[in-house]
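# Per-entry structural report
Residue strings, one per chain:
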Amino acid sequence: MKKFLSMVMAAAMVVSLVPATAFAAAGDFKATAKVVDAQNFPVDDVDTPIGGSELQLTLTTADSLTSTNDALKFTLNFDNITDLAGAVDHNATEITSNDITIYDGRDKLILGDDYSFDGDVVKTDDTEVEFTLVEANSEFVRGMVIAIDLSGLTMDKQSKGKTATVSVDSDDVTITNGDDLVFASVAAEGIKASVKDTVDVASEEVTTLKDITIEPTVGDTFAVANGVQGGDQFKLKLNSGFEFVVTGDTEVTGVGLVGQDTWDMTALWGYDWDEDEIVFDIGGFTNAEKIKITGLGIEATSAKSDATATMKVYLTGMDTVSVEVAKVVDYTVSMTVDEDDDVPVIYSGVNVDNKGITDDSDHESLEVTIEESFAGAWNNSKDFTLSVPEGVYIVDVVSPSLEESELNGYADEKAWFEAAYEEGDYVDLTFKRRGWTETDPNGNGTASKDPAKLTFTLVLVADPNFEGDVTLKLTGDAVDEQEVTIAKFVKPYVVEAQQNDMQIDYRNTEIPTSVVVKEAEAGLWDKGTKFVLSLDKIDFDDEGSIAVDDKSGLEVKDDEVKTTTVDGDDAVYFVVDSRSDDEPATVTISGLQLYMDRSLPAGAYDLEMVSPEMNTPYVNTVVLNGANDKVDGDPRAIHDINDDFVSYTAKAGFVNIVTAGREDTDSFTTKVVVPVGESYLISGENKVEIPVPAYINANGYTMLPLRAVAVALGINNNNVLWDQASRTATVMYGSKIINMTYGQKVVYVNGAMIPATAAVEITNDRMFLGLRDLGNALGVTDITWDGATRTATLNGNK
């Protein structure tokens, strides 16, 4: 009679009647069911009683209703076992610790001392039994395991592929995974293959497979279970696009053998290797419990990205089995940031301490990760570059970490970044070749087998006029160009102003429009912060008036605009006396007046706004490695790198002088020589490069580039204008406004039409005017042509 029946059907209880209130309520207890050591049997051996299988019920929740006497009832339902015939009630003395074992997580507990059966074990039909377990001197606790030995059962249906299962049910315990647990199965004689892990390989590259294990599906060894002979052969075969790579490190191990158990694969009997196929005799491995293959390489000879390498394993007389061993990946280096992290918002024009504003951001970007798709993808014999936008500067690098690799010639990762920033002229990070140790999928020498992975965070500041996303760009011969957004800069203030077209006056020329300055967020401008407005070459003649909105709570010192000096020009400023609180502030400056010297050339003049409290600490910010790379003994700061780029323009063309105060007919005193066909001209004693040369047109007229010649004669470049819609060029000189339109054989001076000898032409996207027509329009009367040297000369007025 089956041992299991004597366990679950033979016990009398050692406790008497249990009060109904002591039984557990549904949901108070939860348990997970599983089978351990499930048994496999060959077809001709299924009559053997199942040995070693065990059903385990682990309590994951145990909320006792009382200190003792909780009762848990279980129903076990079996499928595909012989009839539980002969089951009768038995005395409790026949229940032993070998039949059922209870663990409280650490110690084995004894039935009768700690727990008991309530009443008799009941056989409900030929495949189902019920029993109730009751607390005696111990409580049911979380983590407790009820282990039930399933030894002694035999399978009913014994054909290939059949299984014996048990299901667990309970009204007192919520059972997880309690259905159809396989504790025995009928398997055909054969083998199974597995790999420790799949590996990545690039197209046309080689990598080493993880450990490959081959073992019998039934029995302890190949010979015992399957009758394998020493001359039987193993065959390993790869699918199309892949080939094996066998080296001196490729070994075969017979696990469980006595004596030598590891051999060089090439030394095995019957060994043969033909690209995608390997054959060898099982030989002395017939008594092995399993065979393990290590150091076997694979090459993706023609397989493309995302293809999978599948290895088929054959053993003489056995069914073929397959196992996935590798996947083809792109030969890439990728740069990413965590998409779930918010892009940090930083204020531009301030240093990392946010001088002049109240923001407490640390100026750190998102963490950036650069990593190989597999070991060896990142070629260290090539430079690579990281770039941030112009006007953004790197102050520090936080927590760089090149995992599983070494740096060559640098004390640490930060020193590597510092050298790269200096090498990139403090604009880019230029990492020189062989700055780090290249990884190797085969782990040759000291190289790592694991893909390289670099993580870092940049500390950034930005030009006062920079706003928008900071895009970090990765470029280089060894990597694909790619970009990630790592931060966003916003201005602490926005200036709203309109262009003012004005004619030259002298004193008290009033600007007709106002300048509006808006705070980015409430309370951002710190008390004492100054804002200075200035115009290049034009002085402010009067302070004007200032008004602050009535909602923000911001106050301006003395409620007025005051005068100061910026680069020799008179400017105006205001100072924050009390921070805003409820809403961002809006400051309006009106009635500004200019002192406009009559010598000012016509053209556009930009309005600039500077906050010394914000911007002076900004331009003095020491960049990454600046403390080591000093300028005249001082740490290298932003103003040492690119002072010309630091722009404070608040409104381009704020004042546009459309006419000068007088016409100076003697202003062209420079001799300009224009050689036909050459990309230069001579202005006085200076050689000036021009984008397109003069030429002689089809009608024999010498055509001169309008803008190049006008600028060489002394006209401000801003005073040579082009209107694409009408294809008209305008030159503003003194009180003259000169217009000429493409295709027309006429020039207009202050609206008066002057016939031209040649029509206006456009060549190489530049406007050309006939030699004498241009001279006449600009007031140059002394014009000569040297046919021998093909040179035109405009002689400035004496």
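Just so we're clear, the structure is a prediction, and the values are computed from it rather than from any experiment.

Helix and strand counts for the protein come out as seven helices and 66 strands. For the protein, the proportion of its 798 residues judged to be buried stands at 46%. For the protein, the share of sequence-separated contacts (at least 6 apart) that also reach a separation of at least 24 residues comes to 72%. Of the roughly 36,600 Å² of accessible surface on the protein, a fraction of 41% belongs to carbon and sulfur atoms.

Turning next to the sheet that holds strand β14 (residues 191-195). Taking strand neighbours across the sheet as the criterion, the five strands line up as β14-β17-β24-β20-β21 in an open arrangement whose pairing is antiparallel. Looking at strand neighbours, the two that pair on one side only are β14 and β21 (262-264), the edges of this open sheet. Each neighbouring strand pair of the sheet contributes to a mean axis angle of 20 degrees, computed without reference to strand direction. Relative to strand β24 (residues 290-294), strand β20 (residues 251-255) runs antiparallel, the two sharing five bridges. Across the sheet, residue T253 finds its bridge partner in β24, namely K292.

All right, on to the nonpolar core then. Counting 49 residues, the largest nonpolar core has I370, F456, L472 and I486 as its most contacted members. Per element, the largest residue contribution to this core is seven residues, and it comes from strand β34 (residues 453-462). Among the nonpolar cores identified, the runner-up in size contains 41 residues, and M265, I278, A288 and A303 belong to it.

It is worth spelling out the pattern of salt bridges at this point. Should their charged atoms come close, side chains of opposite charge can pair. Scanning the model with the defined rule gives ten salt bridges in all. Here D383 and K432 are joined by a salt bridge, their closest N and O atoms 3.2 Å apart. Here D383 is found in the loop between β30 (368-372) and β31 (384-387), whereas its partner K432 is found in the loop between β33 (428-431) and β34, with 49 residues between them in sequence. Look at D383 and you get partly exposed, because its relative accessible area is 30%. Connected through salt bridges with shared partners, the residues K237, D276 and E277 form a single ionic network.

Inspection of the entire model under this criterion finds one cavity of 30 Å³ or more. Residue lining of the largest cavity: S348, G349, V350, P464, P492, Y493, M614 and N615, and that is the complete set. Residue composition of the lining of the largest cavity, grouped by class: five nonpolar, three polar and no charged.

Moving on, we come to the environment of E483. Looking at the element boundaries, E483 is found in strand β36 (residues 482-490). In contact with E483, not counting residues within four places along its chain, are M335, T471, L472 and K473.

The backbone of D306 sits at a positive phi, close to 80 degrees, despite the residue not being glycine. Tracing the backbone shows D306 in the loop between β25 (297-300) and β26 (308-315). If you check the backbone angles, R727 has positive phi at about 55 degrees while not being a glycine. Relative to the assigned elements, R727 resides in the loop between β58 (720-723) and β59 (728-733). Judged by its relative accessible area of 35%, R727 falls in the partly exposed class.

Looking now at the confidence of the model for the protein. Taken over all residues, the pLDDT of the protein has a mean of 82, while the share at 70 or more is 84%. Segment residues 1-26 is flagged for pLDDT under 50; beyond a separation of four residues in sequence, or across chains, it makes 91 contacts in the model. Contacts for the low-pLDDT stretch residues 661-666, under 50 throughout, to residues beyond four places or in other chains number eleven contacts.

What follows covers helix α7 (residues 771-778). With six of eight residues buried, α7 lies mostly within the body of the structure. Among the residues of α7, L771, D773, L774, G775, A777 and L778 are the ones counted as buried. Two residues or fewer after α7 comes G779, characterised by a positive phi angle close to 85 degrees.

With that settled, consider helix α4 (residues 612-619). Listed as buried for α4 are M614, N615, Y618 and V619. The arc that holds the buried residues of α4, viewed along the axis, is 105 degrees, so those residues lie on one side.

Quick look at the environment of D220 now. With respect to the secondary-structure elements, D220 resides in the loop between β17 (212-216) and α2 (222-226). For the pair D220 and N287, spaced 67 residues apart in sequence, the C-alpha to C-alpha distance is 8.6 Å. Leave out the neighbours within four places in its chain, and D220 touches A288 and E289.

This paragraph deals with the sheet that holds strand β23 (residues 277-281). One open sheet accounts for six strands, arranged β15-β27-β26-β18-β23-β22; its pairing is mixed. Only two strands of the sheet have a single neighbouring strand rather than two, namely β15 (199-202) and β22 (272-274). Each strand axis lies, on average, 20 degrees off the axis of its neighbour in the sheet, ignoring direction. The pairing of strand β18 (residues 233-238) with β23 spans five bridges and is antiparallel. Its bridge partner lying in β23, Q233 is registered against D281.

Moving on, we get to a negative patch on the surface. A cluster of like negative charges, contributed by D338, E339, D340, D341, D342 and E367, occupies part of the molecular surface. With respect to the secondary-structure elements, D342 resides in the loop between β28 (333-337) and β29 (345-347). Residue D342 is classed as exposed on the basis of its relative accessible area, which comes to 70%.

On to the packing of aromatic side chains. Counted according to the given criterion, the structure contains 16 aromatic pairs. Consider the rings of F29 and F140, whose centres lie 6.0 Å apart with planes at 90 degrees: the pair is edge-to-face. Remark: F140 occurs in the loop between β9 (128-135) and β10 (145-149) and F29 occurs in strand β1 (residues 29-36); sequence separation between them is 111 residues. Both residues of the pair, F29 and F140, count as buried. Ring plane angle 40 degrees and centroid distance 5.5 Å describe the contact between F234 and F280, whose orientation is recorded as tilted. Placement of F234 in strand β18 and of F280 in strand β23 is noted, with a sequence separation of 46 residues between them. Judged by relative accessible area, F234 falls into the buried class, the value being 0%. Put simply, the rings of W378, F384, W416, F417, F431 and F456 touch in pairs and so form one group of aromatic residues. Over the ring of Y680 we find K687; its NZ or CZ atom is 4.4 Å from the centre of that ring.

Right, let's get into the pairing of strand β53 (residues 672-675). For a regular strand, the rule is simple: side chains alternate between the two faces of the sheet. Across two bridges, the pairing between β53 and strand β54 (residues 680-683) is antiparallel. Bridging from a neighbouring strand, V673 pairs with I682 of β54. In terms of strand pairing, β53 meets strand β66 (residues 791-795) through four bridges, oriented antiparallel. Residue V673 lies in a different strand from β66, and its bridge partner there is T793.

What counts, and where the lines are drawn
- Residues numbered from 1 in each chain as written.
- Predicted model: local features only at pLDDT ≥ 70, side-chain atom pairs only at ≥ 80, totals over all residues.
- Heavy atoms only, no water.
- Helix = DSSP H or I, 4+ residues; strand = E, 2+ residues; numbered from the N terminus.
- Buried < 20%, exposed > 50% of the residue type's maximum accessible area, 1.4 Å probe, protein only.
- Contact = heavy atoms within 4.5 Å.
- Areas by Shrake-Rupley, 256 points an atom, 1.4 Å probe, with all protein chains shown as cover.
- Pairing = 2+ DSSP bridges.
- Axes fitted to C-alpha atoms, helices over the stretch in contact; angles between N-to-C directions.
- Core = buried A, V, L, I, M, F, W, Y, C linked by side-chain atoms within 4.5 Å.
- Salt bridge = Lys/Arg side-chain N within 4 Å of Asp/Glu carboxyl O.
- 1 Å grid on protein atoms, 1.4 Å probe; cavity = no way out; pocket = protein on both sides within 12 Å on 5 of 7 lines; lining within 4 Å.
- Points joined across faces, edges and corners; volume = space filled by probe spheres on them.
- Nonpolar A, V, L, I, M, F, W, Y, C, P; charged D, E, K, R; others polar.
- pLDDT = per-residue confidence, 0-100.
- Arc of directions from axis to C-beta.
- Patch = residues over 30% accessible without salt bridge, like charges linked within 9 Å, V, L, I, M, F, W, Y side chains within 5 Å.
- Lys, Arg positive; Asp, Glu negative; His and termini not counted.
- Charge placed at Lys NZ, Arg CZ, Asp CG, Glu CD.
- Phe/Tyr/Trp six-rings, centres within 6.5 Å; stacked < 30°, edge-to-face > 60°.
- Lys NZ or Arg CZ within 6 Å of the ring centre and 35° of its normal.

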